[in-house]
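# A look at the structure
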Amino acid sequence: MNAKHSFQLLALSLALASNLAMAHAGHDHKGHAEPPPAARQEKTSVRFADVSLLNQDGMPVRLEQDLVSDHLVVMGFIYTSCTTVCPVVSSIMGKVQQQLGGRVGEEISMVSISVDPQRDDAKRLQDYAKAFQKGPGWSWLTGTPYAITETLKGLGSFSADLSQHPPLILVGDGRSGHWTRYYGFTDPTVLIEEINRLSARRAHAKSTAIADHHEVKP
């Protein structure tokens with residue numbers, strides 16, 4: 001990340017945190033108690049719980065079958081009454097969606113999962129999403145406490161204390177199973193670079209398979 005991007009992201013983070021804190025001052029969630037850790041990333045594996053969730057339209061969905069499938073995926077974790085970290089994470093994802101354009105909803109699936117299912121019903125997520133989502137292909141999920149807990153555990157994003165929930169975005173390939181966790185306030189260009197890298201890997205694998213097929217033909 002160059003200095004210009006770092007400065008822009010820091011300015012965005014501070015402005016959003018301040019504005020959203022005032023807008024949600026009436027909520028009794030205090031947001032995240034500690035400042036987020038420095039941005040870092042790590043390769044990981046995930047497990048998808050076999051549970052039904054609800055999207056922002058109130059429709060039942062299965063995360064792995066319906067949204068991940070063989071898509072490239074950008075996935076964040078939020079709750080609507082968080083006044084600090086979550087709006088910044090959602091804004092970062094919004095910038096990713098904006099820059100990826102029409103690829104979202106086709107090659108790429110975006111998902112935000114509420115970690116506070118007791119408060120965040122579908123309607124609340126739908127209202128919250130309006131501030132960040134600019135186009136199709138982005139699903140906002142809630143569900144029963146059990147379903148959300150099992151989902152978050154499988155994705156390595158469960159925390160019993162909402163205020164300690166880490167700022168986290170997952171980027172991965174549902175087809176190959178390659179996933180990376182991004183902690184902290186990650187520059188949107190870093191996430192897009194990973195998406196493009198995974199997309200290029202797919203293209204290379206496809207061309208290699210075609211070449212191999214032609215070689216073995218009699």
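Here's a quick rundown of the structure. (Residues numbered from 1 in each chain as written. Predicted model: local features only at pLDDT ≥ 70, side-chain atom pairs only at ≥ 80, totals over all residues. Heavy atoms only, no water.)

### Some words on the overall build of the chain
Across its full length, the chain carries six helices and eight strands. Secondary structure elements of the chain, listed N to C terminal, follow the sequence α-β-β-β-α-β-α-β-α-β-α-β-β-α. Every one of the 218 residues in the chain was classed for burial, and the buried ones make up 48%. About 10,700 Å² of surface is accessible on the chain, with carbon and sulfur atoms providing 55% of the total. (Helix = DSSP H or I, 4+ residues; strand = E, 2+ residues; numbered from the N terminus. Buried < 20%, exposed > 50% of the residue type's maximum accessible area, 1.4 Å probe, protein only. Areas by Shrake-Rupley, 256 points an atom, 1.4 Å probe, with all protein chains shown as cover.)

### Points about helix α3 (residues 85-100)
Taking 1.5 Å per residue as the helical rise, α3 with its 16 residues ought to reach 22 Å, and the 23 Å between its terminal C-alpha atoms agrees with that figure. Most of α3 is tucked away, with 13 of its 16 residues classed as buried. One or two positions beyond α3, positive phi appears at Gly101, with a value near 60°. (Expected span 1.5 Å × (residues − 1).)

### Some words on the nonpolar core
Core analysis: the largest hydrophobic core is formed by 55 residues, its most contacted members being Leu63, Met75, Phe77 and Ile113. Looking at this core element by element, the count peaks at eight residues for α3. If near-sequence neighbours (up to four positions away) are discounted, Leu63 is found in contact with Phe48, Leu53, Val68, Met75, Val111, Ile113, Leu141, Thr151 and Leu155. (Core = buried A, V, L, I, M, F, W, Y, C linked by side-chain atoms within 4.5 Å. Contact = heavy atoms within 4.5 Å.)

### Concerning helix α4 (residues 122-129)
For α4, every residue scored as buried is listed here: Ala122, Leu125, Tyr128 and Ala129. For α4, the angular spread of the buried residues around the axis is 125°, confining them to a single face. The inward-facing, buried residues of α4 abut β4 (72-78), α3, β5 (108-114) and β6 (138-141). (Arc of directions from axis to C-beta.)

### Overview of the pattern of salt bridges
Any two side chains of opposite charge can pair if their charged atoms end up close together. Across all of its chains, the model carries 12 salt bridges by this definition. A salt bridge links Glu42 to Arg40; the nearest nitrogen and oxygen atoms lie 3.6 Å apart. We classify Arg40 as partly exposed; its relative accessible area is 43%. Close ionic contact of Lys123 with Asp127 constitutes a salt bridge, the shortest N to O distance being 2.9 Å. With a gap of four residues between them, Lys123 and Asp127 both fall in helix α4, about one helical turn apart. Asp127 gets classed as partly exposed once you look at its relative accessible area, which sits at 36%. Connected through salt bridges with shared partners, the residues Arg40, Glu42 and Arg181 form a single ionic network. (Salt bridge = Lys/Arg side-chain N within 4 Å of Asp/Glu carboxyl O.)

Honestly, that's just the spatial picture; any functional story needs more than this.
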